[in-house]
Amino acid sequence: MKQITVSFLLFFLTYLVVFGQFEQMIIPGDLKQQTIITEPATLRKGYLRSGIEGAFITIDKMFDEDGRRNYYQNTNAWGKFRGFSLSTQYGLSDKFEISLRIPYITQQYLTSTKVEEVYHDEDTLITFRSTGNGIGDIEAGIRFQIIEGSSGRPSMTAGLDLTVPTGCKNPTNIKNELEYDYPTGDGKVALGINIDFRKTIYPYSLRLRSYYEHYFEGNKILHPGEDDTEFKDGDMFIVRGNFSVHLNDWIAVWNDISYTRFGENTY
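Residue positions are given per chain, counted from 1 along the sequence in the order it is written. The predicted origin of the model limits local features to residues at a pLDDT of at least 70 and limits the giving and counting of side-chain atom pairs to 80 or more, whereas totals for whole chains, interfaces and linings rest on all residues. Side-chain measures here rest on the full set of heavy atoms in the structure, leaving out hydrogens and waters.

A. Quick peek at the overall build of the protein chain. The secondary structure listing takes helices from DSSP runs of H or I that are at least 4 residues long and strands from runs of E that are at least 2 residues long, numbered from the N terminus. On a plain count of helices and strands, the protein chain comes out with two helices and 16 strands. Every one of the 267 residues in the protein chain was classed for burial, and the buried ones make up 27%. Counted over contacts in the protein chain with a minimum sequence separation of 6, partners at least 24 positions apart contribute 58%. Per-residue and other accessible areas were derived by the Shrake-Rupley procedure at a 1.4 Å probe size, with only the shown protein chains allowed to occlude residues. Just so you have it, the protein chain exposes about 18100 Å², and 59% of that area is on carbon and sulfur atoms. Categorising residues by exposure relies on relative accessible area from a 1.4 Å probe, with only protein chains included: less than 20% of the type maximum marks a residue as buried, more than 50% marks it as exposed, and the intermediate range marks it as partly exposed. Throughout, a residue-residue contact means that at least one pair of heavy atoms, one from each residue, lies within 4.5 Å.

B. Structural view of the packing of aromatic side chains. Put simply, two rings from Phe, Tyr or Trp (the six-membered ring, in Trp's case) pair if the centres are within 6.5 Å, and we call them stacked under 30 degrees between planes, edge-to-face over 60, tilted for the rest. Taken as a whole, this structure holds four aromatic pairs when the rule is applied. Aromatic pair Tyr109 and Tyr182: ring centres 4.4 Å apart, planes at 45 degrees, arrangement tilted. Linking Tyr109 in strand S5 (residues 96-117) with Tyr182 in the loop between strand S10 (179-181) and strand S11 (190-201), this pair joins segments that are 73 residues apart in sequence. Ring geometry for Tyr180 and Tyr182: centres 4.7 Å apart, planes at 40 degrees, overall tilted. The class of Tyr180 is buried, set by a relative accessible area of 9%. By relative accessible area, Tyr182 is classed as partly exposed at 24%. Taken together, the ring pairs connect Tyr109, Tyr180 and Tyr182 into an aromatic cluster. The rule is short: NZ of Lys or CZ of Arg within 6 Å of the ring centre and within 35 degrees of the ring normal puts a charge over the ring. One Lys or Arg, Lys188, reaches over the ring of Tyr215 and ends 4.9 Å from the middle of that ring. Looking at Lys220, its charged tip hangs above the ring of Phe231, at a distance of 4.9 Å from the centre.

C. Up close: the pattern of salt bridges. Definition used for salt bridges: Asp or Glu carboxyl oxygen within 4 Å of a side-chain nitrogen of Lys or Arg. In the structure shown here, the tally under the stated rule is eight salt bridges. With its nearest N and O atoms 3.8 Å apart, the salt bridge here joins Arg143 to Asp196. One end of the pair, Arg143, is in strand S7 (residues 138-147); the other, Asp196, is in strand S11, and 53 residues separate them in sequence. With a shortest N-O distance of 2.4 Å, Arg207 and Asp196 are connected by a salt bridge.

D. Representation of the side chain of Thr163 within the structure. For Thr163, the location among the structural elements is in strand S8 (residues 155-164). Beyond its immediate stretch of four places on either side in the chain, Thr163 contacts Asp137, Ile138, Glu139, Lys188, Val189, Ala190 and Glu213.

E. Main features of a negative patch on the surface. Negative charge collects at one region of the surface, where Glu116, Glu117, Glu122 and Asp123 lie side by side. Overall, Glu117 belongs to the partly exposed group, its relative accessible area being 36%. Only residues whose relative accessible area exceeds 30% and that take part in no salt bridge are eligible for patches, with like-charged residues grouped when within 9 Å of each other and nonpolar side chains (Val, Leu, Ile, Met, Phe, Trp, Tyr) grouped when within 5 Å. The sign given to each residue is positive for Lys and Arg and negative for Asp and Glu; His and the chain ends receive no count. Charge placement uses NZ in Lys and CZ in Arg. For Asp and Glu, CG and CD serve respectively.

F. Looking closely at the confidence of the model for the protein chain. How sure the predictor is of each residue is captured by pLDDT, a score from 0 to 100. For the protein chain, the mean per-residue pLDDT works out to 82, and 85% of the residues sit at or above 70. Looking at the elements of the protein chain, mean pLDDT is at its lowest for helix H1 (residues 2-26), recorded as 41, and at its highest for S8, recorded as 96. In this model residues 1-29 is a low-confidence stretch, pLDDT under 50, and it forms two contacts with partners more than four residues away in sequence or in other chains.

G. Spatial organisation of the nonpolar core. Counting five residues, the largest nonpolar core consists of Ala190, Tyr211, Tyr215, Met236 and Ile238. If sequence neighbours within four positions are ignored, Tyr211 has contacts with Asp161, Gly192, Ile193, Asn194, Met236, Phe237 and Ile238. Among buried residues, those of type Ala, Val, Leu, Ile, Met, Phe, Trp, Tyr and Cys that are joined through side-chain atoms within 4.5 Å constitute a nonpolar core.

H. Focus on the environment of Glu97. Of note, Glu97 is situated in strand S5. Remark: the alpha-carbon pair of Glu97 and Leu48, spanning 49 residues in sequence, is separated by 9.7 Å. Sequence-distant contacts of Glu97, defined by excluding residues within four places in its chain, comprise Thr42, Leu43, Gln89, Tyr90, Gly91, Gly141, Ile142 and Arg143. Here a polar contact is recorded for every N or O atom pair within 3.5 Å, except that within protein the pair must consist of a potential hydrogen donor and a potential acceptor, and residues adjacent in sequence are included only if both atoms are side-chain atoms. At a separation of 2.9 Å, a polar atom in the side chain of Glu97 contacts the main-chain amide nitrogen of Leu43.

I. Representation of the pairing of S11 in the model. Relative to S11, S8 runs antiparallel, the two sharing nine bridges. By the bridge assignment, Gly159 is partnered in S11 with Asn194. At least two bridges found by DSSP between two strands is the condition for calling them paired. Sheet topology note: the S11/strand S12 (residues 204-215) ladder contains twelve bridges and is antiparallel. Bridging from a neighbouring strand, Asn194 pairs with Tyr211 of S12. The loop that links S11 with its antiparallel partner S12 comprises two residues.

Here it is in structure tokens:
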């Protein structure tokens, strides 16, 4: 009788433990309230994520063909770039995800040239302003989880991205070589593939990602006043390591170190 009682108690306690873990997994709040560290490598089936990304860049000097930092075309040039992207991802299954990214670009460049007349002891400052606003090149992608992460192994995902040249590729409203509306697109189709490994040891996350993007040939006006030119940008290869840590249940710090290599451009 004692052996039967002990066996029944062990079975009952084991059942309670398993049932508690199952309840934790099906609570919707636990699945939604996750950060980039605790969420799965790909979105779960039926889940939709949307967001807005932003970037701000200023340009002062540029590297010339000899590797020296100079102002653009020996002038006092200055520029700023603002980009906003509407991105969305959707889980078709627990291991298969699709994405779409629509960028909007607004940029402005100022160029000042000082013209000196020695004989008349006069100098004139001429300023040119160029802007560019509009939709950029749209990017669509798919991601598939090849290996599901566990306590003993990292997750592995593979992705494919396609960039379509939907943005304006040529300069417009050309007044002179320094004053015109900048194009918002690159004028080429790009195809990228990435492999992503991630290991989560809460509250830490380690990640290694490799990305290769191939650019197809395009045709566009490279400089105002010129004819259309065929071009081929060099392919891009990136290796990126990442270390992330949770500060609390909602905030995570993300640290990247990367190596990028560009191929040679041809015109």
